[in-house]
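# Tertiary structure, described
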Amino acid sequence: MWTFPGNLRLQGDSGRILAQLLEEVKKRATPKFKEAAAKRVEAMSSERKAWREHATKARLRKGKPDEINPHLHFL
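Procedures and definitions
- Residues numbered from 1 in each chain as written.
- Predicted model: local features only at pLDDT ≥ 70, side-chain atom pairs only at ≥ 80, totals over all residues.
- Heavy atoms only, no water.
- Helix = DSSP H or I, 4+ residues; strand = E, 2+ residues; numbered from the N terminus.
- Buried < 20%, exposed > 50% of the residue type's maximum accessible area, 1.4 Å probe, protein only.
- Areas by Shrake-Rupley, 256 points an atom, 1.4 Å probe, with all protein chains shown as cover.
- Expected span 1.5 Å × (residues − 1).
- Polar contact = N/O pair within 3.5 Å; in protein donor to acceptor, adjacent residues only side chain to side chain.
- Salt bridge = Lys/Arg side-chain N within 4 Å of Asp/Glu carboxyl O.
- Patch = residues over 30% accessible without salt bridge, like charges linked within 9 Å, V, L, I, M, F, W, Y side chains within 5 Å.

Right, let's get into the overall build of the chain. Counting secondary structure elements, the chain contains two helices and zero strands. Taken across its 75 residues, the chain has 4% of its residues classed as buried. Taken as a whole, the chain presents about 8,000 Å² of accessible surface, with 59% of it coming from carbon and sulfur.

Below, the structure written as structure tokens:
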């Protein structure tokens, strides 16, 4: 991805780099950081659940003849 500015660009195995990054974040994480992260995960989980419920309801609405419904999936 070269479409955004960056201070440093490195080439490498993304899986290995992300594992190293996660290890370093865990080392530096303070209790306050861990608490904030847990709250964010909880909020995102709630948002995801609400989104899925909304998507299911939207998909189940049959709509009107000749009306476009982007929530229906055709096989």
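Let us keep going from here.
Here helix α1 (residues 14–28) is 15 residues long and its end C-alpha atoms lie 21 Å apart, about the 21 Å a rise of 1.5 Å per residue gives. A side-chain oxygen of the first residue of α1 lies 2.8 Å from the backbone nitrogen of G15; this N-cap is D13.

What follows covers the pattern of salt bridges. Taken as a whole and assessed by the stated rule, the structure comprises four salt bridges. Between K27 and E24 there is a salt bridge, with the nearest N and O atoms lying 3.7 Å from each other. Taken together, the positions of K27 and E24, both in helix α1 and three residues apart, correspond to about one turn of that helix. Under the relative-accessibility criterion, K27 is labelled exposed at 57%. Residue E24 pairs with R28 through a salt bridge whose shortest N-O separation is 2.9 Å. Taken together, the residues E24 and R28, both in helix α1 and four residues apart, mark about one turn of the helix. On the basis of relative accessible area, E24 is assigned to the partly exposed category, the value being 30%.

The next subject is a nonpolar patch on the surface. There is a patch of nonpolar side chains on the surface, built from L18, L21, V25 and F33 and spanning about 380 Å² of accessible area. Locating L21 in the fold gives a position in helix α1.

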